[in-house]
Amino acid sequence: MRIGHFAAVVMCVVPILSCGANRAAGVSIDSRLNKEFDRVEQSLHQLESTKLPEGLQGLLKTHQASFNEAKNAKSPLLRLYRLRNSDIGVSTLQFLAAQKAAGENVASLESLWKSRQPAFDGAEKDMPGPAMLVALRQAAGNRARKFFYASLPYGKTASPFSGLYYLAEAEGNLRFRGFVESLLAGQESEQSRPPGAETLAQALEHLETRTLQAFEDDPVVPATIPVSSRLKETRELLDQNEIEGATLALLESQLEFSRQTKNVSADPAATGEVKPAESSLGELISAMAREDEPQTARIIRNDVQPLYASLFVATTAAHKTKSSPVTVTLVRWPYT
């Protein structure tokens, strides 16, 4: 499907792009999404003729494939969710191309880092809106800060270019956060309440324990490393009381755990039909279950959707039993 058809598809979809009382806001969101798709596509074409730092040309192909996947999604929620990777990736490569001289020595990197510090130091304000938009904003803001403050030490420890790459990822996430904020402007919160922090913490501890056990069972195979990075992000967001972002990161952690360890619930009917709470996050994972390739869709139906639904089940006394603290320490630098 071409980008020009995007507005016709996105109209009247719950709840992020609704057409009811917020028809004007919905049309505005559609327009901004169309423009962002156009911007990323144009940037990809421009980067094809740009001399990128050595070793990064392969990333351009990865981001092109990711963009095509986002463009071909039927659900507008899934389009936006899938756009995140190519959007941030393109901004990262553009920053690297523009600032590559700063990767030549630590002094240049530090000078650039200090010039960009004010953009990352400002306190974030809460912005109400659909849970998925809030989650994307929180996740991007958290990554931006973590990558930024790791970039200079990493540049001094590893190499100036390595630090510049982290700084570029910070800039990419910061820009994407700004785009999501433009979508959130004028939006109202959903009627459904987000999961409780305690419930999220219990689910996170359970998955951390399973991940640590999988690592202990086979420490040579690095399958749990990408899971660990997602869990680290989930913990950070939860500690900052960014509940929507933590919820999305937890669901992504479960998806990654099941995918990497091939530990998927064997019986699709074991949980019966799962109907997550009505929210844009629930709509997103339902769209993923419909549109992803068969193996991923199976994981979502059998593991991710039941996990999401369980976050809205009232906590019983049995569930309140405290588990032993678990620390997963497979990731040294942010999410790598």
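See the structure above.
Residues numbered from 1 in each chain as written. Predicted model: local features only at pLDDT ≥ 70, side-chain atom pairs only at ≥ 80, totals over all residues. Heavy atoms only, no water.

Student: Honestly, the overall build of the chain in this entry has me stumped. Any pointers?
Tutor: Scanning the chain from terminus to terminus reveals twelve helices and zero strands. For the chain, the sequential pattern of α-helices and β-strands runs α-α-α-α-α-α-α-α-α-α-α-α. Out of the 336 residues in the chain, the part that is buried amounts to 50%. Sequence-distant contacts in the chain: of pairs separated by 6 or more residues, those separated by 24 or more amount to 80%. When the accessible surface of the chain is summed, it comes to about 15,900 Å², and 53% of that surface belongs to carbon and sulfur atoms. (Helix = DSSP H or I, 4+ residues; strand = E, 2+ residues; numbered from the N terminus. Buried < 20%, exposed > 50% of the residue type's maximum accessible area, 1.4 Å probe, protein only. Contact = heavy atoms within 4.5 Å. Areas by Shrake-Rupley, 256 points an atom, 1.4 Å probe, with all protein chains shown as cover.)

Student: I keep staring at the packing of helix H9 (residues 224–239) against helix H10 (residues 243–261) and nothing clicks. Help me out?
Tutor: Two measures define how a pair of helices packs: the angle their axes make with one another and the distance between the axes. Packing of H9 against H10 brings their axes to within 8 Å, and their N-to-C directions diverge by 165 degrees. The angle between the axes of H9 and H10 places the two elements in the roughly antiparallel class. The two elements H9 and H10 meet at a crossing, and its hand is left-handed. On the side of H9, the interface is formed by Pro-226, Val-227, Arg-230, Leu-231, Thr-234, Leu-237 and Leu-238, while H10 contributes Ile-243, Gly-245, Ala-246, Ala-249, Leu-250, Glu-252, Ser-253, Glu-256, Phe-257 and Gln-260. Of the residues assigned to the contact of H9 with H10, the class counts are ten nonpolar, four polar and three charged. (Axes fitted to C-alpha atoms, helices over the stretch in contact; angles between N-to-C directions. Parallel < 35°, antiparallel > 145°, perpendicular 65-115°, else oblique. Left-handed = near helix turned anticlockwise from the far one by under 90°. Nonpolar A, V, L, I, M, F, W, Y, C, P; charged D, E, K, R; others polar.)

Student: Please explain helix H6 (residues 131–157) as it appears in this structure.
Tutor: Residues lying three or four places apart along an α-helix face the same way, a consequence of the helix completing one turn every 3.6 residues. With 27 residues, H6 should cover 39 Å at 1.5 Å per step; its first-to-last C-alpha distance of 38 Å lies within 8% of that length. Of all the bends found along H6, the most pronounced is centred on Ser-151 and spans about 35 degrees, while Pro-153, a proline, follows it within four residues. H6 sits mainly inside the fold: 21 of its 27 residues count as buried. (Expected span 1.5 Å × (residues − 1). Bend = angle between axes of the 7 residues up to and from the residue.)

Student: How do you make sense of the environment of Ala-102 when you look at a structure like this?
Tutor: Position of Ala-102 among the secondary structure elements: in the loop between helix H4 (76–98) and helix H5 (106–121). Under the relative-accessibility criterion, Ala-102 is labelled buried at 7%. As a C-alpha pair, Ala-102 and Pro-160 span 58 residues in sequence and 7.6 Å in three-dimensional space.

Student: What is the right way to look at helix H3 (residues 57–72) in this model?
Tutor: With 16 residues, H3 ought to run about 22 Å at 1.5 Å a step, and its terminal C-alpha atoms sit 23 Å apart, in line with that. Within H3 the residues assigned to the buried category are Leu-60, His-63, Ser-66, Phe-67, Ala-70 and Lys-71. Projection of H3 onto a plane perpendicular to its axis shows the buried side chains occupying an angular sector of 140 degrees, all on one side. (Arc of directions from axis to C-beta.)

Student: In this structure, what is going on with the environment of Leu-56? I would like to understand it.
Tutor: Assignment of secondary structure puts Leu-56 in the loop between helix H2 (23–48) and H3. Given a relative accessible area of 6%, Leu-56 falls into the buried group. When the C-alpha atoms of Leu-56 and Leu-93 are compared, they prove to be 8.1 Å apart, with 37 residues separating the residues in sequence.

Student: Sorry if this is basic, but what is going on with unusual backbone geometry here?
Tutor: Leaving glycine aside, a negative phi is the common case for residues, and trans is the common case for peptide bonds. Backbone geometry places Asn-241, a non-glycine residue, at a positive phi of 60 degrees. Here Asn-241 is to be found in the loop between H9 and H10. Residue classification places Asn-241 among the exposed residues on the basis of a relative accessible area of 56%.

Student: What am I meant to see in the pattern of salt bridges here?
Tutor: When charged atoms on two side chains of opposite charge get close, those side chains can pair. Tallying each qualifying case throughout the model produces 17 salt bridges. The shortest N-O distance in the salt bridge between Glu-36 and Arg-175 comes to 3.0 Å. Here Arg-175 lies in helix H7 (residues 160–184) and Glu-36 lies in helix H2, a separation of 139 residues in the sequence. Here Glu-36 falls in the buried class, since its relative accessible area comes to 5%. Note that Arg-137 and Glu-181 form a salt bridge whose closest N and O atoms lie 2.8 Å from each other. Note that Arg-137 is positioned in helix H6 and Glu-181 in helix H7, a separation of 44 residues in sequence. Summarising the burial analysis for this pair, Arg-137 and Glu-181 share the class buried. Connected via shared salt-bridge partners are Arg-84, Arg-143, Arg-230, Glu-233 and Glu-252. (Salt bridge = Lys/Arg side-chain N within 4 Å of Asp/Glu carboxyl O.)

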